[in-house]
Amino acid sequence: MPAASRALLLLGAAHPDEPPGALAALPVGRRDARLLRLRERTLGPALEIETRCPACDERLELTVPGADLRAASPAAAPEPLRLDHNGTTVTFRLPTSRDLLDATDADGLLRRCVLEAHDSNGEPVADLGHEVRAALAQAMAEADPLAEVDLAMTCVACGHEWSDVLDVASFVWAEFEAWAPRLLRDVHRLASAYGWAERDVLAMSAWRRGQYLQLLDA
Ligand SMILES: [Zn+2]
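Parameters at a glance
Once a new chain begins, its residue numbering starts again from 1 and follows that chain's sequence as written. The model is predicted, so local features are restricted to residues of pLDDT at least 70 and side-chain atom pairs to those at 80 or more, both for listing and for counting; the totals for chains, interfaces and linings are taken over all residues. Hydrogens are left out, water is left out, and the side-chain values use all remaining heavy atoms of the structure. Any N, O or S atom lying within 2.8 Å of the metal counts as a donor, with the limit raised to 3.2 Å for Na, K and Ca; because water is left out of the atom set, some sites can appear incomplete. Geometry is assigned from donor-metal-donor angles: four donors are tetrahedral when every angle falls between 85 and 135 degrees, four are square planar and six octahedral when opposite donors sit over 155 degrees apart with all other angles between 65 and 115, and any other arrangement is irregular. Put simply, DSSP H or I for four residues or longer makes a helix, DSSP E for two residues or longer makes a strand, and each gets a number counted from the N terminus. For the exposure calls, accessible area comes from a 1.4 Å probe over protein chains only, and a residue counts as buried if that area is under 20% of its type's maximum, exposed if over 50%, partly exposed in between. By convention a nonpolar core is built from buried Ala, Val, Leu, Ile, Met, Phe, Trp, Tyr and Cys residues, the set being connected through side-chain atoms within 4.5 Å. Whether two residues are in contact is decided by their heavy atoms: any pair within 4.5 Å suffices. Any Lys or Arg side-chain nitrogen located within 4 Å of an Asp or Glu carboxyl oxygen qualifies as a salt bridge.

An unreviewed UniProt entry annotates the protein as Phage baseplate protein originating from Rubrivirga marina.

What follows is the structure, given as structure tokens:
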């Protein structure tokens, strides 16, 4: 499944009242802000990120509060957005999950998101040059910063500094993928020991489940 489909699957489970089309129409960064909120409420406030120093291969762990990342996401900017660059005016909207799933390449994505483009004489511009495209990508990133998260890293072993891109959708999916079997194991232990139904075990807070599990180990 593409990462965008996985993101929509998680959000669909968390927001059963929301029509799936509405989630697919969220700009990618705002979708990811929701994913971060979902993972904070389920898994806790901080993201534990593991990486390796590209200079010395030291294994590093980074703790990033999800709230800090979400704070980088501005309130919904009214769309469509506008860019003026060297006499070209572009009216555009931000890429959504639907765009990512339907577009086959970066050009296709751009074509979907550019609503209108004209030069200083008001003539339509069919082919945006390289510079305008770059400016457009920059403008999109600024309007929807969570769509591409750069984490500044410093190696504790050698002092090397670099930045890693955090793909929020893939990261959160991997966390849930690891978490689901652990939760099922907890359900299995509690259901076996107490005869409780799965839905009742799942309805408990993680804290309460943890307390019972400790009692089983005592
Ligand atoms: Zn290093």
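Moving on, there is more to tell.
**Q** Now, about the coordination of the zinc ion: what can you tell me, with residues and values included?
**A** Those protein atoms acting as donors to the zinc ion are Cys53 (SG), Cys56 (SG), Cys155 (SG) and Cys158 (SG), and they sit at 2.3 Å. Given four donor atoms and angles of 107 to 113° at the metal, the environment of the zinc ion is assigned as tetrahedral. Ordering the donors of the zinc ion by residue number gives the pattern C-x2-C-x98-C-x2-C. Note that Cys56 is positioned in the loop between β1 (46-52) and β2 (59-65) and Cys155 in the loop between β6 (149-154) and β7 (161-166), a separation of 99 residues in sequence. Residue classification places Cys56 among the partly exposed residues on the basis of a relative accessible area of 36%. Taking the relative accessible area as the measure of exposure, Cys155 reaches 3% and is therefore buried.

**Q** Give me the lowdown on the nonpolar core, citing residues and values where you can.
**A** Counting residues in hydrophobic clusters, the biggest one holds 30 residues, and the most contacted among them are Leu69, Leu151 and Leu166. Breaking this core down by element, the ones donating at least two residues are α1 (3-14), α2 (20-24), α3 (28-43), β1, β2, β6, β7 and α8 (168-194). Of all the elements, α8 adds the most residues to this core, at six residues. Apart from residues no more than four positions distant in its own chain, Leu166 is found in contact with Leu47, Ile49, Leu69, Val149, Leu151 and Phe171.

**Q** Go over the pattern of salt bridges, please, and point to the residues and values.
**A** Summed over all chains, the structure comprises 15 salt bridges. With its nearest N and O atoms 2.5 Å apart, the salt bridge here joins Glu175 to Arg39. Highlighted residues: Glu175 in helix α8 and Arg39 in helix α3, separated in sequence by 136 residues. This pair shows no difference in class: Glu175 is buried, exactly as Arg39 is. Of the charged contacts, one joins Glu40 and Arg70 as a salt bridge, the two residues approaching to 2.8 Å between their closest N and O atoms. Here Arg70 lies in helix α4 (residues 66-71) and Glu40 lies in helix α3, a separation of 30 residues in the sequence. For Arg70, a relative accessible area of 22% corresponds to the partly exposed category. Through salt bridges with shared partners, a single ionic network connects Arg93, Arg98, Asp99, Asp102 and Arg112.

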